[in-house]
Structures are given as C-alpha cells and as structure tokens.
Amino acid sequence: PAQNKLLKTLEEAPQSACIILKCEKTTNVLPTIKSRCQRVELTPYPYEQLKELLSRYYQENDQFNFALSVSGGFPGIAKRIPSS
C-alpha cells in the first residue's frame, strides 16, 4: 500500500520536483516505481580514505575501528554505529 501511494506521488509530482528515493536493495521495489526513477549507484570509499574522512569527526578507538570494518566503505553506515 505504501508503494502504491508513492507511485501516485511520483505520477502527480510537479515538473520542477526532484524526489530522491534511497534504498539498499531494489528487489522489493515495485517495477512501476523503478520505471519512473533514474538509478544512481554510489561506490564505497576505499578503507584509508574513509578512515581519514571519519577521523576528522570522531576519536580513533576500538569502536571507531569496528565501525570502519563493518561500514562496507560507506560513511553513513559507519556513523550509525553507536559510540561507547
């Protein structure tokens, strides 16, 4: 039901609108929604570049290193790991 409501929103959006949808997998997205979207895949950061980026904002410790190791190269995932 939620995707059908989203489909209606996409179909009735003004020409000047830019709607950004974010999902980790598109397998559960309705084909009718996919057909109305432009897909942009983000590539993960290399480990060292991600480490340098995050070290500007977070103290390096075991939790920091754990977040880096499970982030898959994506800063948003690393930032969601709770700090101790």
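Residues numbered from 1 in each chain as written. Predicted model: local features only at pLDDT ≥ 70, side-chain atom pairs only at ≥ 80, totals over all residues. Heavy atoms only, no water.

A. Region of interest: the nonpolar core. One finds L50, L53, L54, F64, A67, L68 and A78 forming the largest nonpolar core, which totals 7 residues. Only helix 3 (47-55) and helix 4 (62-70) provide two or more residues apiece to this core. Excluding residues within four positions of it along the chain, F64 makes contact with K51, L54, S55, Y58 and Q59. (Core = buried A, V, L, I, M, F, W, Y, C linked by side-chain atoms within 4.5 Å. Buried < 20%, exposed > 50% of the residue type's maximum accessible area, 1.4 Å probe, protein only. Helix = DSSP H or I, 4+ residues; strand = E, 2+ residues; numbered from the N terminus. Contact = heavy atoms within 4.5 Å.)

B. Just the side chain of S71, in detail. When you line up the elements, S71 lands in the loop between helix 4 and helix 5 (75-80). Its relative accessible area of 1% is what places S71 among the buried residues. Not counting the four nearest positions on each side in its chain, S71 is found in contact with L50, I77 and A78.

C. Quick look at the environment of A78. With respect to the helices and strands, A78 occurs in helix 5. Linking A78 and E11, residues 67 residues apart in sequence, is a C-alpha distance of 35 Å. Residues in contact with A78, not counting those within four places in the same chain, are L54, A67 and S71.

D. Looking closely at the pattern of salt bridges. Per the counting criterion, the structure on display carries 5 salt bridges. The salt bridge involving E41 is made with R39; its shortest N-O contact spans 3.2 Å. Under the relative-accessibility criterion, R39 is labelled exposed at 60%. Close ionic contact of K51 with E60 constitutes a salt bridge, the shortest N to O distance being 3.9 Å. Since its relative accessible area comes to 24%, K51 is described here as partly exposed. (Salt bridge = Lys/Arg side-chain N within 4 Å of Asp/Glu carboxyl O.)

E. Spatial organisation of the layout of surface pockets. Its volume calculated, the largest pocket comes out at about 1200 Å³. Elements with a contribution of two residues or more to the lining of the largest pocket: helix 1 (2-12), helix 2 (31-34) and helix 5. A per-element tally of the lining of the largest pocket places helix 5 first, with 4 residues. Counted by class, the lining of the largest pocket contains 18 nonpolar, 4 polar and 8 charged residues. (1 Å grid on protein atoms, 1.4 Å probe; cavity = no way out; pocket = protein on both sides within 12 Å on 5 of 7 lines; lining within 4 Å. Points joined across faces, edges and corners; volume = space filled by probe spheres on them. Nonpolar A, V, L, I, M, F, W, Y, C, P; charged D, E, K, R; others polar.)

By themselves, these observations are geometric and do not establish any function.
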